Amino acid sequence: MARSDREGLGASLSRFSHHAALELPRFYLGVENPYNAATFHVFFSSSNVAKQIQAIRGMNDCLPEQSPVWQKVEQTLRQVVASYGYSEVRMPIVEQTHLFKRAIGEVTDVVEKEMYTFEDRNGDSLTLRPEGTASCVRAGIEHGLLYNQERRMWYMGPMFRHERPQKGRYRQFHQFGVELFGINGPDIDAELIMLTHRLWRLFGIQDHVCLQLNTLGQSEERAAYRDALVAYLEQYKDELDEDSQRRMYSNPLRVLDSKSERVQEILVGAPRLFDHLGEESLAHFEGLKTLLDTAGIQYEVNERLVRGLDYYNLTVFEWVTSSLGAQGTVLAGGRYDGLVEQLGGQATPAVGFAMGIERLVLMLETLELNADIRPGVDVYLAMVGEGIASAGFQLAERLRDALPDLRLMSHCGGGNFKKQLKRADKSGASIALILGESEAQNGEVTIKYLRGQGEQQTLKVDAVIALLAVKGE
Ligand code: ATP
Ligand code: MG
């Protein structure tokens, strides 16, 4: 991705200019540095050349070469949620800090160490949203969308978390999420998972993701379990890693998904949440599993799956992949029946998920499933001859009128035929249309195939339109 480019030359440059004085002796000593020439330039011209400003670490540009994949992904997501009758909701990117503290929970990674929180000019504490569910619930309550109603909503957009940037983990990243209110399930939980399964099929990654499923029961059931778990963990207190020791009392369920091998070994003999669940919770889980079985969706029950945010109950699930290294969770979600009330609304059952779009895009790139995603231009119009530009533009506009979906780039800036063809090739177009003086006089255009799909031919404009219309289908 773009980040890795910047981590290369760009990052070296910025590090150098930052520590220019320190780097200088090494430079004189001729210590090998692949960017010597460039750093020399930055160092010695810093007084009269404006310093290059870089994007914030972990916040990526989506460059023109990458945006077709993103557009394709976004288009597919929109199409699928529409096919389930869900409606889009767009929330602000900034909210009051205590919304996230109250919704996500004080003792979570996100609230403890990842939020971008700042004071605005009025002295109010605001936070760049680290996730969408809290804002969606806030909006739902504020506008009376949830009271005694069913709502099926989705959103897509940037989220912000101050984490250590690495592959699949960024400080500004994008989530696509779905939130459904007013339905107890487990049928709606199953539908949500079917929707995600449909996404994987459409993206062609269904064989590279696997569904992990668990139930967290209700909060009373968890409270009883919590005591049993803490009592068990206390016997091993000194062997737990620092994070788990800290969480043991503040948020003991989080110890279950500790990454430490020793902690996982200790947990083998730990009491199970399953044994503390009542009939209703178990029936909900069984109901969900039956619906998934009949839909042919495979899953693995993972009793250690607890999810990082506090608001979940009953169903929790994650779609994980092994093709992204450590950042293996592509999509995660679950039921959060208590959140609406916790944020000041009437008690309303709810279930949702969020997907990391960067992780999905990375998967498509890693698995080379982005090959058929078209570049931005289909046809390049070359115009050769004195005063041909006005005829050229007329032709281009006529083509756009007739073929609104055609992506046509007109040559601008003059230059000979060879130069224009080079531009045509670089544009990614598969067809060059050539308008020379004789073509212009005869109401014709020459078609040249740039990717070897046929012979060059000169046709009347109407015939060209008909031909492009067929190709565009
Ligand atoms: P992780 O365990 O990877 O930190 P999480 O449990 O914090 O994930 P959620 O809050 O459940 O993640 O967010 C849902 C999805 O959003 C994740 O499964 C992932 O695909 C994506 N996501 C979360 N944090 C990031 C990030 N910093 N950069 C890119 N994608 C992210
Ligand atoms: Mg996280």
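Read on for a plain summary of the structure. (Residues numbered from 1 in each chain as written. Chains lettered and ligands numbered in written order. Predicted model: local features only at pLDDT ≥ 70, side-chain atom pairs only at ≥ 80, totals over all residues.)

Attention now goes to the site of ligand 1. Around ligand 1, the structure places 19 residues, and the nearest of them are Phe 173, Thr 329, Ala 332, Ala 354 and Gly 356. Counting only elements with at least two residues in the shell around ligand 1, the list comes to strand S6 (172-181), strand S10 (329-335), strand S11 (350-356) and helix H14 (357-366). In terms of residue class, the shell around ligand 1 is built from seven nonpolar, six polar and six charged. (Near = placed C-beta within 6 Å. Helix = DSSP H or I, 4+ residues; strand = E, 2+ residues; numbered from the N terminus. Nonpolar A, V, L, I, M, F, W, Y, C, P; charged D, E, K, R; others polar.)

Time to look at the nonpolar core. If you look at soluble globular proteins, the nonpolar side chains tend to sit buried side by side. Met 355 and Leu 360 are the most contacted members of the largest nonpolar core, which has 71 residues in total. For this core, the element with the highest residue contribution is helix H8 (residues 187-203), accounting for seven residues. With residues up to four places along the chain from it excluded, the contact list for Leu 360 reads Val 73, Phe 203, Val 330 and Met 355. The next biggest cluster of nonpolar side chains, apart from the first, holds 20 residues, and it includes Val 379, Ala 382, Ala 429 and Val 445. (Core = buried A, V, L, I, M, F, W, Y, C linked by C-beta atoms within 7 Å. Buried ≥ 20, exposed ≤ 12 C-beta atoms within 10 Å, placed from the backbone. Contact = placed C-beta atoms within 7 Å.)

The subject of this paragraph is the sheet that holds strand S3 (residues 116-119). If you trace the three strands from one edge of the open sheet to the other, you get S2-S4-S3, paired in antiparallel fashion. For this open sheet the edge positions go to strand S2 (94-96) and S3, each flanked by a neighbour on one side alone. This sheet shows a mean twist of 35° between the axes of neighbouring strands, independent of strand direction. Looking at chain direction, S2 and strand S4 (residues 125-128) are connected through three bridges and run antiparallel. Of the residues in S4, the one forming a bridge with Val 94 is Leu 128. The sheet strands contacting helix H5 (residues 97-104) are S2, S3 and S4, and the helix crosses S2 at an angle near 75°. (Pairing = 2+ DSSP bridges. Axes fitted to C-alpha atoms, helices over the stretch in contact; angles between N-to-C directions.)

With respect to the secondary-structure elements, Arg 138 resides in helix H7 (residues 133-142). When the C-alpha positions of Arg 138 and Ala 103 are compared, they lie 9.6 Å apart, and in sequence the two are 35 residues distant. Every residue in contact with Arg 138, bar those within four places of it in the chain, is listed here: Glu 95, Leu 99 and Leu 343.

Glancing now at H7. For H7, a buried count of eight out of 10 residues is recorded, marking the element as mostly surrounded by other parts of the structure. Residues of H7 that are buried: Thr 133, Ala 134, Ser 135, Cys 136, Val 137, Arg 138, Ala 139 and Gly 140. Tucked inside the fold, the buried residues of H7 contact S2, H5, strand S5 (151-160), S6, helix H13 (339-342) and S11.

Let's shift gears to the sheet that holds S6. If you walk across this open sheet you meet the eight strands as S1-S5-S6-S11-S10-S9-S7-S8, and the pairing is mixed. Two strands lie at the open edges of the sheet, namely strand S1 (87-88) and strand S8 (300-301), each paired on one side alone. Pairing geometry for S1 and S5, over two bridges, is parallel. When the bridges of S5 are listed, Ser 87 appears paired with Met 153. Docked against the sheet, H7 engages S5, S6 and S11, running at close to 45° with respect to S6.

Structural measurements only, silent on function.
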